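Architecture at a glance
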Amino acid sequence: MNAPALEVRGVNKRFGALTVASDISVTLPVGARHALIGPNGAGKTTLVNMITGALRPDSGVVSLFGEEITAQSPARTVPLGLVRTFQITNLFSRLKVWENLALAVASRTGADRNMFRPLWKQSAVLDEAVALARRVRLADDLGRNVHELPYGRQRLVELAMALALKPRVLLLDEPAAGVPSVETHLLLEVLESLPADIAILMIDHDMDLVFRYAQRISVLVGGALLTEGTPADIRADERVRDVYLGRRHA
């Protein structure tokens, strides 16, 4: 039997008397489209930090394709295929789009260690950067400085940089945060075009995006898993509507 792409089993975390994660378990098969939702302070980003090794759980296990990676640093897990984006964009805003993408490609391939060949002279790096820009609908923006782009397109640059690292499991921390509602259709279009074998775990407060994209949804409340199910299951759950969704999504 094939191991899940990502398995989180019974992770716990406390800061003094404050419990921020209580026996949380989540499993993503290969190709999963999974969302993690809940009120502010529910523990969503804390969970992602524990998955990526940015935060050590007090107990519990995190495994990637059957290999335990609990508390391994991002420097170790990224080459294994565990890649994340952040709630606030983490870009080189004064560089051009192609430069951001080329740096991400070069970081993965080791081309950035060749001090005698600048990136703009490395055709393989440039070709991959252009292909990434096309994948996220940014081909026309390659020559623009990132800070000149609308915020929604900056989020797409960050997504392309994550894809440059060849993720097998991709953690998206609020990819629609700060994106005007009129631009979320482009984000959704790009997400739906991602390779089917990448397992994706998405945190977002945009419930329209979550319900249109996710195949399964986990709901965190107060650092604990309230429930998990299909979008239809979550819409119909009275507890979820009471603590988070409200009646608009009933």
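See above for the structure.
Residues numbered from 1 in each chain as written. Predicted model: local features only at pLDDT ≥ 70, side-chain atom pairs only at ≥ 80, totals over all residues. Heavy atoms only, no water.

What follows deals with the overall build of the protein chain. Per the secondary structure count, the protein chain includes nine helices and 10 strands. Relative to the globule expectation of 18 Å for 250 residues, the C-alpha radius of gyration of the protein chain, 19 Å, shows essentially globular dimensions. Seen through its principal axes, the protein chain has C-alpha atoms that stretch 55 × 40 × 40 Å. Within the protein chain, buried positions represent 50% of all 250 residues. Considering only contacts within the protein chain whose residues lie at least 6 apart along the sequence, 65% involve residues at least 24 apart. On the protein chain, the mean spot of the 29 positive side-chain charges and the mean spot of the 27 negative ones are 4 Å from each other. (Helix = DSSP H or I, 4+ residues; strand = E, 2+ residues; numbered from the N terminus. Rg over C-alpha atoms; globule rule 2.2 N^0.38 Å. Buried < 20%, exposed > 50% of the residue type's maximum accessible area, 1.4 Å probe, protein only. Contact = heavy atoms within 4.5 Å. Lys, Arg positive; Asp, Glu negative; His and termini not counted. Charge placed at Lys NZ, Arg CZ, Asp CG, Glu CD.)

At a minimum axis distance of 10 Å, the contact between helix α5 (residues 151-164) and helix α6 (residues 184-192) shows a crossing angle of 15 degrees. With respect to α6, the element α5 is oriented roughly parallel. You can see that α5 and α6 cross each other, and the crossing is right-handed. On α6, the residues touching R153, L156 and L159 of α5 are L186, L187, V190 and L191. In the contact of α5 with α6, the residues fall into six nonpolar, no polar and one charged. (Axes fitted to C-alpha atoms, helices over the stretch in contact; angles between N-to-C directions. Parallel < 35°, antiparallel > 145°, perpendicular 65-115°, else oblique. Left-handed = near helix turned anticlockwise from the far one by under 90°. Nonpolar A, V, L, I, M, F, W, Y, C, P; charged D, E, K, R; others polar.)

Let us look at the packing of aromatic side chains. Evaluation of the coordinates by the stated rule reveals zero aromatic pairs. Positioned above the aromatic ring of F211 is the side chain of R235, whose terminal nitrogen or guanidinium carbon lies 4.2 Å from the ring centre. (Phe/Tyr/Trp six-rings, centres within 6.5 Å; stacked < 30°, edge-to-face > 60°. Lys NZ or Arg CZ within 6 Å of the ring centre and 35° of its normal.)

Another aspect to go through is the sheet that holds strand β1 (residues 6-15). Pairing within the open sheet is antiparallel, and its four strands lie in the order β2-β1-β4-β5. If you trace the sheet from one side to the other, it starts and ends with β2 (18-28) and β5 (67-68), each paired once. Across seven bridges, the pairing between β1 and β2 is antiparallel. Along β2, the bridge assignment pairs E7 with T27. The strands that helix α1 (residues 44-52) touches are β1, β2 and β4 (59-64); relative to β1, the one it contacts most, it runs at about 115 degrees. (Pairing = 2+ DSSP bridges.)

Throughout the structure, instances matching the rule amount to 12 salt bridges. E7 is paired through a salt bridge with R9; the nearest N and O atoms lie 3.4 Å apart. Between E189 and R137 there is a salt bridge whose closest N-O contact spans 2.9 Å. You can see E189 sitting in helix α6 and its partner R137 sitting in the loop between α4 (123-135) and α5, a full 52 residues away along the chain. (Salt bridge = Lys/Arg side-chain N within 4 Å of Asp/Glu carboxyl O.)

Pairing is mixed across the open sheet formed by six strands, whose spatial order is β6-β7-β8-β3-β9-β10. Strand pairing shows two members of the sheet lacking a second neighbour, β6 (82-84) and β10 (224-229), which therefore form its edges. For this sheet, the mean angle separating the axes of adjacent strands, direction not counted, is 20 degrees. Bridge count between strand β9 (residues 216-221) and β10: five bridges; the pairing is antiparallel. The residue of β10 that forms the bridge with L220 is L225. Docked against the sheet, α1 engages β3 (33-37), β6, β7 (169-173), β8 (199-203) and β9, running at close to 145 degrees with respect to β6. The sheet contacts of α5 involve β6 and β7, and relative to β7 the element is tilted by about 160 degrees.

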